Amino acid sequence: MSQKKPQEILEITIDAAAAKAGLSAKQMILLGLMAGFFIALAGAGANMGAYYLLADSATAGLGKMLSGIIFPAGLLMVVFAGAELFTGNNLMVAAVLDKRIGIGSMLRNWCIVYLANLVASVCVAWLVVQSGLLSTGDGLLEQVTVSIAVSKVNLTFGQAFIRGIFCNFLVCIAVWMASGADSTIGKVFSLFFPIWLFVTAGFEHSIANMFFIPAGIFAAGSSAGLTFTGFILNNLIPVTLGNIAGGSILVAGIYYFTYKDALRNRMETRRVYISKNEQETSKTASLDA
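Residues numbered from 1 in each chain as written. Predicted model: local features only at pLDDT ≥ 70, side-chain atom pairs only at ≥ 80, totals over all residues. Heavy atoms only, no water.

Caption draft 1: Summary view of helix H10 (residues 206–220). For H10, which comprises 15 residues, the first-to-last C-alpha distance of 21 Å matches the rise-based estimate of 21 Å (1.5 Å per residue) to within 8%. With 13 of 15 residues buried, H10 is to be regarded as a mostly interior element. Remark: Gly221 follows H10 within two positions and exhibits a positive phi of approximately 65°. (Helix = DSSP H or I, 4+ residues; strand = E, 2+ residues; numbered from the N terminus. Expected span 1.5 Å × (residues − 1). Buried < 20%, exposed > 50% of the residue type's maximum accessible area, 1.4 Å probe, protein only.)

Here is the structure:
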């Protein structure tokens, strides 16, 4: 089977956005919670697998690369099990531009899903700390968890915003390519490599940070200068804005304006084809009568 063309992927993306906008609030909440669980658990696994390498600045790059191999499991679960992830849903902008859905419907989805992602991720962070797993490596995993959280909240607004742009550009590219794959293995590879790249590069993902930073807060509290206020103001807000820009403008926007004419031609060709078939069916029915 072959990979679908970009204009075909655009149509799939718009259809998917329309379906997402049509979900009930209950469905958005439940599926948003599932996505938060998936991403947070992937974050926990990524830290566990690479904490020894991440603890040493000389091997931190290798640690990020190893974390990047583990973390894509989160998005794979979102896509294959079915869940609502705020960052991937930034692609819904394509449907707004095509006037398939209203901006209000999109923002409703974003807000509900975002809050559900947040609740689930923070719950997983608390439970991981309570599980005692951070004592792994004589407490080295806890030190690394706190260090990651501290480094994230100490980014400047501009740094967090830019890293958020790059991150969700890659996340939405991953979802975009997976939408065009005709096989399970094709979708796996489409999702895996861009996510591996963003983690290795050190970019910022708002939903992942809903696990990484609260885990540091629950582990060390104010002793490391970590607070939920600092988390929201210094990281979550700029990263979220960057994620929206990277996914909505640089992926959904660019591909929509590049292929909107091709999409309309496809739709018109299909409409004419269906109309001809209906006319032929009507003539056949008249003759039979």
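Caption draft 2: Local environment of the packing of helix H2 (residues 25–54) against H10. Close contact between H2 and H10 brings their axes to 9 Å; oriented N to C, the two are set at 60°. As judged from the angle between their axes, H2 and H10 are oblique. Note that H2 runs across H10; the crossing there is right-handed. Counted together, Ile39, Ala40, Gly43, Ala44 and Asn47 of H2 and Ile207, Ala208, Phe211 and Phe212 of H10 form the full contact between these two elements. Classifying every residue of the contact of H2 with H10 by side-chain character gives seven nonpolar, two polar and no charged. (Axes fitted to C-alpha atoms, helices over the stretch in contact; angles between N-to-C directions. Parallel < 35°, antiparallel > 145°, perpendicular 65-115°, else oblique. Left-handed = near helix turned anticlockwise from the far one by under 90°. Contact = heavy atoms within 4.5 Å. Nonpolar A, V, L, I, M, F, W, Y, C, P; charged D, E, K, R; others polar.)

Caption draft 3: Broad picture of the packing of H2 against helix H4 (residues 73–82). Relative orientation of the contacting elements H2 and H4 amounts to 150°, with a least axis distance of 8 Å. With respect to their mutual orientation, H2 and H4 come out roughly antiparallel. Handedness of the crossing formed by H2 with H4: right-handed. Within the contact between the two elements, H2 uses Leu31, Ala35, Phe38, Ile39 and Ala42 and H4 uses Gly74, Leu75, Met77, Val78, Ala81 and Gly82. Across the contact of H2 with H4, the residue classes break down as nine nonpolar, two polar and no charged.

Caption draft 4: Representation of unusual backbone geometry within the structure. With phi around 65°, Lys99 is a residue other than glycine that occupies positive phi space. Relative to the assigned elements, Lys99 resides in the loop between helix H5 (93–97) and helix H6 (103–130). Even without a glycine there, the phi angle at Asp138 is positive, about 55°. Structurally, Asp138 is set in the loop between H6 and helix H7 (140–153).

Caption draft 5: Just the pattern of salt bridges, in detail. For the coordinates displayed, the defined rule picks out four salt bridges. Notably, a salt bridge pairs Glu84 with Lys20, separated by 2.9 Å at the nearest N-O pair. Remark: Lys20 occurs in helix H1 (residues 6–21) and Glu84 occurs in the loop between H4 and H5; sequence separation between them is 64 residues. Take Glu84 and Lys20: they sit in the same class, and that class is buried. (Salt bridge = Lys/Arg side-chain N within 4 Å of Asp/Glu carboxyl O.)

Caption draft 6: Here's a closer look at the side chain of Lys152. Tracing the backbone through its elements, the reader meets Lys152 in helix H7. Judged by relative accessible area, which is 10%, Lys152 ranks as buried.

Caption draft 7: Examining the environment of Cys167 more closely. By the secondary structure assignment, Cys167 is in helix H8 (residues 157–179). Relative accessible area serves as the criterion here: at 0%, Cys167 is assigned to the buried category. Residues Cys167 and Asn47, spaced 120 residues apart in sequence, show a C-alpha to C-alpha distance of 18 Å.

Caption draft 8: Local environment of the environment of Ser223. With respect to the element layout, Ser223 can be found in the loop between H10 and helix H11 (228–288). Accessibility expressed as a relative area gives 67% for Ser223, which makes it exposed. Side-chain polar atoms of Ser223 contact the backbone oxygen of Ala220, separated by 2.4 Å. (Polar contact = N/O pair within 3.5 Å; in protein donor to acceptor, adjacent residues only side chain to side chain.)

Caption draft 9: The arrangement of the packing of aromatic side chains in detail. Applying the stated criterion to the full structure yields 14 aromatic pairs. Geometrically, the ring pair formed by Phe71 and Phe198 is edge-to-face, given 5.9 Å between the ring centres and 85° between the ring planes. Residue Phe71 is located in the loop between helix H3 (60–70) and H4, and its partner Phe198 is located in helix H9 (residues 184–201); the two are separated by 127 residues in the primary sequence. Residue Phe71 is classed as buried on the basis of its relative accessible area of 5%. Ring centres 5.1 Å apart and planes at 45° place the aromatic pair Phe166 and Phe203 in the tilted group. Here Phe203 lies in the loop between H9 and H10 and Phe166 lies in helix H8, a separation of 37 residues in the sequence. For Phe166, a relative accessible area of 42% gives the class partly exposed. Judged by its relative accessible area of 22%, Phe203 falls in the partly exposed class. (Phe/Tyr/Trp six-rings, centres within 6.5 Å; stacked < 30°, edge-to-face > 60°.)

Caption draft 10: Layout of H9. The first and last C-alpha atoms of H9 sit 26 Å apart over 18 residues, in line with the 26 Å expected at 1.5 Å per residue. Within H9, the full set of buried residues consists of Ser190, Leu191, Phe192, Pro194, Ile195, Phe198 and Val199. Contacts made by the buried residues of H9 are with H3, H4 and H8. Trailing H9 by a residue or two, Gly202 shows a phi angle of about 90°, which is positive.

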